[in-house]
Amino acid sequence: EGSILNTHVDRSATHVISCILEIGHLEYDYEEADADKMQWPLKIFDHDGVEHTVPNRVGQMILYESATCAHGRPDPFPGREFVNAFVHFSPKGWPENYLADPGKKAEL
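Now for a quick tour of the structure. Model, not experiment: these values are computed from the prediction.

## Structural notes on the environment of Trp40
Thought 1: Within the secondary structure layout, Trp40 lies in the loop between strand E2 (17-26) and strand E3 (42-45).
Thought 2: Each C-alpha atom, one on Trp40 and one on Phe82, is 9.2 Å from the other, the two residues being 42 residues apart in sequence.

Rendered as structure tokens:
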């Protein structure tokens, strides 16, 4: 309870696209019927710097550009337990094969 995830961007070499799958969460005084009411939303800043709040739900999958869009959970966690699974992706040949100037060395 009370934990936060500071706003950050992920490693650009390996985390170009990321996926969060919420598996479950528990509140204090947990009752099965109330399990999906608790929220610890993910906040993501798009490429224009606009903040978006993505509410979380068990079974929900969030797909986002984690290496270029700052994201986090800056609000204190209201529950007891929170379980997510993460998948991170980068295309084959990333980033060299995707540069606008192929002769330029990639800065990661």
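## Some words on the layout of surface pockets
Thought 1: In this structure, the largest pocket spans a volume of roughly 170 Å³.
Thought 2: Along the walls of the largest pocket sit 13 residues, with Leu5, His8, Ile20, Arg73 and Phe86 positioned nearest its centre.
Thought 3: Only strand E1 (5-8), strand E6 (71-73) and strand E7 (81-89) provide two or more residues apiece to the lining of the largest pocket.
Thought 4: A per-element tally of the lining of the largest pocket places E7 first, with four residues.
Thought 5: Here the residues of the lining of the largest pocket sort into seven nonpolar, four polar and two charged.

## Considering the nonpolar core
Thought 1: Grouped together as the largest cluster of nonpolar side chains are six residues: Ile20, Leu42, Ile44, Ile62, Tyr64 and Cys69.
Thought 2: Ignoring any residue separated from it by four or fewer positions in sequence, one finds Ile44 in contact with Val50, Glu51, His52, Val54, Tyr64, Cys69, Ala70 and His71.

## Examining the packing of aromatic side chains
Thought 1: Under the criterion given, the structure shown has three aromatic pairs.
Thought 2: By way of ring pairs, the aromatic residues Trp40, Phe77 and Phe82 are connected into one cluster.

## Notes on the pattern of salt bridges
Thought 1: Using the criterion set out here, one finds two salt bridges in the structure.
Thought 2: The closest approach of N and O atoms between Lys43 and Asp75, which form a salt bridge, is 3.1 Å. Taken together, the positions of Lys43 in strand E3 and Asp75 in the loop between E6 and E7 put the pair 32 residues apart, joining distant regions of the chain.
Thought 3: Note on Asp75: relative accessible area 31%, which makes it partly exposed.

## Considering the sheet that holds E6
Thought 1: Taken in spatial order, the four strands line up as E1-E6-E3-E4 in an open sheet, and their pairing is antiparallel. Pairing within the sheet leaves two strands with one partner each, and these edge strands are E1 and strand E4 (51-54). Between one strand axis and the next, the sheet turns by 20° as a mean value, whatever way the strands run.

Cut-offs applied
Residues numbered from 1 in each chain as written. Predicted model: local features only at pLDDT ≥ 70, side-chain atom pairs only at ≥ 80, totals over all residues. Heavy atoms only, no water. Helix = DSSP H or I, 4+ residues; strand = E, 2+ residues; numbered from the N terminus. 1 Å grid on protein atoms, 1.4 Å probe; cavity = no way out; pocket = protein on both sides within 12 Å on 5 of 7 lines; lining within 4 Å. Points joined across faces, edges and corners; volume = space filled by probe spheres on them. Nonpolar A, V, L, I, M, F, W, Y, C, P; charged D, E, K, R; others polar. Core = buried A, V, L, I, M, F, W, Y, C linked by side-chain atoms within 4.5 Å. Buried < 20%, exposed > 50% of the residue type's maximum accessible area, 1.4 Å probe, protein only. Contact = heavy atoms within 4.5 Å. Phe/Tyr/Trp six-rings, centres within 6.5 Å; stacked < 30°, edge-to-face > 60°. Salt bridge = Lys/Arg side-chain N within 4 Å of Asp/Glu carboxyl O. Pairing = 2+ DSSP bridges. Axes fitted to C-alpha atoms, helices over the stretch in contact; angles between N-to-C directions.

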